[in-house]
Amino acid sequence: MQLQTMSEMLLFVLSVASLLCRSAGRPSVNYLENHFETEEVRSEAIKRLLEVFGMEDPPHARGHKQAPQYMLDLYNTVADVDGVTKDPYLLEGNTVRSFFDKLRSEQEYRFNLSNVARTEKVLTAELHLFKLRPQSTVAFNRHHFCQVSVYQVLDITKKNITQDRKLLSSRLIPIHSSGWEVFTITQAVRSWMVDEGNNQGLQVVVKTLGGSQVDMKLVRFASGRNHHQSKQPMLVVFTDDGRRSATLEGKGRQHPMDTPQLPHIPMAAGPPASRSARSLDYGDEDPGSAAAAAACQRLPLYVDFEEIGWSSWIVSPRGYNAYHCKGSCPFPLGQNMRPSNHATVQSIINALKLTRGIETPCCVPDKLFSINLLYFDDEENVVLKQYDDMVAGSCGCH
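For clarity, every value in this text was computed on a predicted model and none was experimentally measured. (Residues numbered from 1 in each chain as written. Predicted model: local features only at pLDDT ≥ 70, side-chain atom pairs only at ≥ 80, totals over all residues. Heavy atoms only, no water.)

Engineer: Please explain the pattern of salt bridges as it appears in this structure.
Structural biologist: Pairing is possible between side chains that carry opposite charge, provided their charged atoms lie close to one another. Tallying each qualifying case throughout the model produces six salt bridges. Of the charged contacts, one joins arginine 42 and glutamate 39 as a salt bridge, the two residues approaching to 2.6 Å between their closest N and O atoms. Taken together, the residues span about one helical turn, with arginine 42 and glutamate 39 both in helix α2 (residues 29–52) at a distance of three residues. Overall, the relative accessible area of 17% leaves arginine 42 in the buried class. (Salt bridge = Lys/Arg side-chain N within 4 Å of Asp/Glu carboxyl O. Helix = DSSP H or I, 4+ residues; strand = E, 2+ residues; numbered from the N terminus. Buried < 20%, exposed > 50% of the residue type's maximum accessible area, 1.4 Å probe, protein only.)

Structure representation (structure tokens):
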């Protein structure tokens, strides 16, 4: 049930209670106190969850727009169906944002980067333009290639003067081709991040190999004004917000060949079918015994964004399995759990009762994976962000 529906139901119950209290003579103080306490706890919980995702408030989605296909493809490349990162080396940085052009012109472009924090490090920035096929009315042209150059406009009042624009990228493109063309414009975006006033836009110039102007009917790029949203000019910026995982910093990233694969873990209901590398070694104990069932293990913990009330702005995933660790860590700790030396010593001290007040080791995650979130921000830009340490990959006694 969605958070909004739950709130509406609570308000409905309160309304009924209010009507009943009018006839009864006085309201139920305990009921009202419990209601407001529940709302306060829920509000605080949502606030803390937003902090985990690096937000102060949830984005205000104004409609059900379609995310750019490039961003959908990028998400599917770096994340599995549950949003868990396939390989930490696939994505440059931990944030990718897409911006649509605000000028809606065919040769001049401007993008609003106000939602990018100044503390983020710009790693790469790309201008994506969709090249249209030449119009059929244009006679056959002897040229097969054209030179496409992207300039940063330094002074908008003198954008046609060479010294008031800076060349960012230039390359040859087949005249009769059609599809997406990508130009690297990292230098321009970095200068815009230093001073927003530097953002005077971009200009695209198309010329023949001889340097003469090309007929606009021959080489055209889709614009936001006259073409479908799926072909609109787009700026894609790869950044890193500096929020690094303690796991990654302390242990180093996994080797690229070691793509994280979450092992199959039996559900909480019913005993494990066989011994797992993530369970304690109990010697000759029956795997179905109470002791084995209470062993440290990884259990499901599904986070449903729709129930939280975030489905209006999150594109994918609809939720994810964070998992949680539960169970006991009695002596002796099996080596198949890969316990730390500290956990082993603590377990021995506890078993021998050498020191008072020493508990058994705790069942905690010993491997954590990151998840990816694809969502709309307040400006309806689509953002792909990677969050470290969000999924318990395995559990152990530590």
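So that's the structure; there's more coming.
Engineer: What is the right way to look at the pairing of strand β15 (residues 363–376) in this model?
Structural biologist: Side chains on a regular strand alternate between the two faces of the sheet. Burial analysis of β15 places 10 of its 14 residues in the buried class, which makes it a mostly covered element. Where strand β12 (residues 314–316) lies against β15, two bridges are found, and the strand directions are antiparallel. Across the sheet, serine 316 pairs through a bridge with leucine 374, a residue of β15. By the bridge criterion, 12 bridges tie β15 to strand β16 (residues 382–397) in an arrangement that is antiparallel. What sits directly across from phenylalanine 376, in β16, is valine 382. Counted between consecutive antiparallel strands, the loop separating β15 from β16 contains five residues, among which glutamate 380 sits at a positive phi close to 65°. (Pairing = 2+ DSSP bridges.)

Engineer: In this structure, what is going on with the sheet that holds strand β2 (residues 108–109)? I would like to understand it.
Structural biologist: Strands in a sheet are paired, the pairing made by backbone hydrogen bonds, and the direction either parallel or antiparallel. Pairing is antiparallel in the open sheet, where four strands are placed in the order β2-β7-β4-β5. Both outer strands of the open sheet, β2 and β5 (165–174), are each paired with one neighbouring strand and no more. Summarising the sheet, β2 and strand β7 (residues 202–207) pair through two bridges and their orientation is antiparallel. Along β7, the bridge assignment pairs tyrosine 109 with leucine 202.

Engineer: Would you take a moment to explain the state of the cysteines for this structure?
Structural biologist: Structurally, a disulfide amounts to a covalent bond that connects the sulfur atoms of two cysteines. Counted according to the given criterion, the structure contains three disulfides. Disulfide pairing places cysteine 296 opposite cysteine 363 at an S-S distance of 2.1 Å. Across the S-S bond of cysteine 296 and cysteine 363 the torsion is about 75°, and the bridge reads as right-handed. One end of the pair, cysteine 296, is in the loop between α6 (290–293) and β10 (297–299); the other, cysteine 363, is in strand β15, with 67 residues separating them in the sequence. Across the disulfide from cysteine 325 sits cysteine 395; the S-S distance is 2.0 Å. Here the disulfide of cysteine 325 and cysteine 395 is left-handed, its torsion about the S-S bond being about -80°. Here cysteine 325, found in strand β14 (residues 324–326), pairs with cysteine 395, found in strand β16; they are 70 residues apart in sequence, far enough to count as distant. Like cysteine 395, cysteine 325 is buried. Each disulfide in the protein links cysteines that, numbered along the sequence, combine into the pattern 1-4, 2-5, 3-6. (Disulfide = S-S within 2.5 Å.)

The values reported here are purely geometric and, on their own, carry no functional implication.
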